[in-house]
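Listed below are the residues making up each chain.
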Amino acid sequence: MNIGIIGTGNMGTGMGKCWAKNGHNLMFSYSRSEEKLKAAAATVGSEVSVGTPSEAVAFADIVVLSVAWAALEDALKQAGSLDGKILFTIVNPLLPDMSGLAIGTTTSAAEEIAKLAPKARVVESMPIFAEILHSPSTKFGNEVASVFYCGDDVEAKGIVAGLLRELGTEPIDAGGLKNARFVEPSGMLLVQLAYMQQMGQIGIKLLRR
Ligand SMILES: NC(=O)c1ccc[n+]([C@@H]2O[C@H](COP(=O)([O-])OP(=O)(O)OC[C@H]3O[C@@H](n4cnc5c(N)ncnc54)[C@H](OP(=O)(O)O)[C@@H]3O)[C@@H](O)[C@H]2O)c1
């Protein structure tokens, strides 16, 4: 699959490494520094291409949005038309100091993205932490972490679930895109536990019976 990544920080590169290993073609885009963008692509592999956000969209079967909340509107503007594209967002509307969410409970980053790109097939997930993606294994002993994903397009969700499995996680269907308003705070809770409560590299497991 051709994956166009908009936002090539810790998560863009971490997910990119896993997907490159699985044989996907990647194009990296979006940084305030051209040098940083090229260096990010190089850490993932020499075959990873670099372009503008709109070039990444044109290249992609699936567009991955992994920018900071503060950069969201600018990134989508640079992406141009996303009509008909699968748009996989992992954007959590974290305040810059990670003390809370800029929006939530009555809307979500994913719903706001869907408003800005109304014809995109938006799917959201909060995957495991970047540190874990960059580590030698994403497993917790013999266990893999559960991650929630949500969206209104069944086919797009299936494709995203496959990509989440390739990150070494267990994707859990959390329903329609509206449930992003609950998925994003669940990511915020993990940020609190990992960093403020200093629990380090953590993930969650959904138990069922
Ligand atoms: N880190 C995690 O474990 C994790 C887990 C789940 C979800 N997320 C979400 O995934 C998204 C990306 O996270 P990340 O850890 O990859 O972040 P990051 O390393 O800081 O990368 C953020 C990306 O946004 C761009 N950006 C543009 N303007 C920015 C600004 N004003 N402030 C910060 N970044 C700006 C950065 O470009 P430059 O190259 O110019 O910096 C970079 O491409 C965020 O929405 C985050 O909430 C993160």
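See the structure shown above.
Note that the structure is a prediction, hence the values are computed from the model and not measured.

Quick notes on the rules
The residue numbering used here restarts from 1 in each chain and proceeds along that chain's sequence as written. Restriction of local features to residues with pLDDT of at least 70 applies here, the model being predicted, together with a cutoff of 80 or more for giving and counting side-chain atom pairs; totals for whole chains, interfaces and linings are based on all residues. Think of it this way: any DSSP run of H or I at least four residues long counts as a helix, any run of E at least two long counts as a strand, and we number them from the N terminus. Here the radius of gyration uses the C-alpha set of atoms, whereas the globule reference equals 2.2 Å times the residue count to the power 0.38. With C-beta atoms placed from the backbone, a residue is buried if 20 or more other C-beta atoms are within 10 Å of its own, exposed if 12 or fewer are, and partly exposed between those counts. Strands are labelled as partners when DSSP assigns at least two bridges between them. Every crossover in which the path from the first strand over the helix to the second runs clockwise, viewed with the strands pointing away from the viewer, is termed right-handed. Here, nearness is defined through the C-beta atom: a residue counts as near a molecule or strand if that backbone-placed atom lies within 6 Å of it. Amino acids are sorted into nonpolar (Ala, Val, Leu, Ile, Met, Phe, Trp, Tyr, Cys and Pro), charged (Asp, Glu, Lys and Arg) and polar (every other residue, Gly among them). For every element, the axis is a line fit to its C-alpha atoms; helices are fit only across the contacting stretch, and the angle between N-to-C directions ranges from 0 to 180 degrees. Every angle not falling under 35 degrees, over 145, or within 65 to 115 is termed oblique; those three ranges are roughly parallel, roughly antiparallel and roughly perpendicular. Residues are scored as being in contact if the C-beta atoms we place from backbone atoms lie within 7 Å. For this analysis, nonpolar core means a set of buried Ala, Val, Leu, Ile, Met, Phe, Trp, Tyr and Cys residues linked through C-beta atoms within 7 Å.

A.B. asks: I keep staring at the overall build of the protein chain and nothing clicks. Help me out?
C.D. replies: Within the protein chain, the regular secondary structure consists of eight helices and eight strands. Its C-alpha radius of gyration of 16 Å places the protein chain within 12% of the 17 Å reference for a compact globule of 209 residues. With the principal axes as the frame, the protein chain shows a C-alpha extent of 45 × 40 × 35 Å. A total of 209 residues make up the protein chain; the buried ones form 43% of that total.

A.B. asks: I keep staring at the pairing of strand β6 (residues 121-125) and nothing clicks. Help me out?
C.D. replies: On a regular strand, each side chain points to the face opposite its neighbour's, so the side chains alternate between the two faces of the sheet. Along β6, five of the five residues are buried, which leaves the element largely enclosed by surrounding structure. A two-sided burial pattern is seen for β6, the buried positions comprising Arg121, Val123 and Ser125 on one face and Val122 and Glu124 on the other. Bridge count for strand β5 (residues 86-89) against β6 is four bridges, and the pairing is parallel. Bridged to Ile86 within β6 is Arg121. Read from β5 through helix α5 (residues 109-116) to β6, the crossover connection turns out right-handed.

A.B. asks: Explain the site of the ligand to me, please; I cannot follow it from the model alone.
C.D. replies: What surrounds the ligand is a group of 26 residues, the closest being Gly9, Ser31, Arg32, Ala68 and Ala71. The dominant element in the shell around the ligand, judged by the number of residues it contributes, is helix α1 (residues 10-21), at three residues. A breakdown of the residues in the shell around the ligand according to their chemical character gives 14 nonpolar, ten polar and two charged.

A.B. asks: What is the right way to read the packing of α5 against helix α8 (residues 180-196) from this model?
C.D. replies: Close contact between α5 and α8 brings their axes to 7 Å; oriented N to C, the two are set at 130°. Taken together, the axes of α5 and α8 are oblique relative to one another. Across from Ala109, Ala110 and Glu111 in α5, the residues of α8 making contact are Ala180, Arg181 and Glu184. The class makeup of the residues in the contact of α5 with α8 is three nonpolar, no polar and three charged.

A.B. asks: Before we go on, may I ask you to explain the environment of Tyr149 in this structure?
C.D. replies: Mapped onto the secondary structure, Tyr149 falls in strand β7 (residues 145-151). A sequence separation of eleven residues divides Tyr149 from Val160, and the C-alpha atoms of the two residues are 8.2 Å apart. Beyond its immediate stretch of four places on either side in the chain, Tyr149 contacts Val123, Glu124, Ser125, Lys157, Val160, Ala161, Leu164, Pro171, Asp173 and Ala174.

A.B. asks: Can you walk me through unusual backbone geometry in this structure?
C.D. replies: Excluding glycine, most residues fall at negative phi; most peptide bonds, likewise, are trans. Backbone geometry places Tyr30, a non-glycine residue, at a positive phi of 80°. Counting through the fold element by element, Tyr30 comes out in the loop between β2 (25-29) and α2 (34-44). Look at Gln198: it is not a glycine, yet its phi comes out positive at around 55°. Note on placement: Gln198 falls in the segment after α8.

A.B. asks: Looking at this model, I keep getting lost on the nonpolar core. Mind explaining?
C.D. replies: Where a protein is soluble and globular, its nonpolar side chains tend to be buried together. Judged by nonpolar contacts, the single largest core of 60 residues is most densely connected at Ile6, Val63, Val64, Leu65, Leu87, Phe88 and Tyr149. Element by element, the count of residues in this core is highest for β7, at five residues.

A.B. asks: Would you explain the environment of Gln192 in this entry?
C.D. replies: In this fold, Gln192 is placed in helix α8. Residue classification places Gln192 among the partly exposed positions, given that 14 C-beta atoms sit within 10 Å. With 92 residues separating them along the chain, Gln192 and Gly100 place their C-alpha atoms 8.9 Å apart.

A.B. asks: Even after reading the chapter, I still don't get the pairing of β2, so can you show me in this structure?
C.D. replies: Most of β2 sits out of view: four of its five residues are buried. Of the pairings in the sheet, the one linking strand β1 (residues 2-6) to β2 comprises five bridges and is parallel in character. Within the sheet, the bridge partner assigned to Ile3 lies in β2 and is Leu26. Assessed by its sense of winding, the connection that carries the chain from β1 through α1 to β2 is right-handed. Here β2 pairs with strand β3 (residues 49-51) via three bridges, running parallel. Looking at β3, one finds that Met27 is bridged to Ser49. As a crossover connection, the stretch from β2 through α2 into β3 is right-handed.

Just geometry here; none of it tells us what the structure is for.
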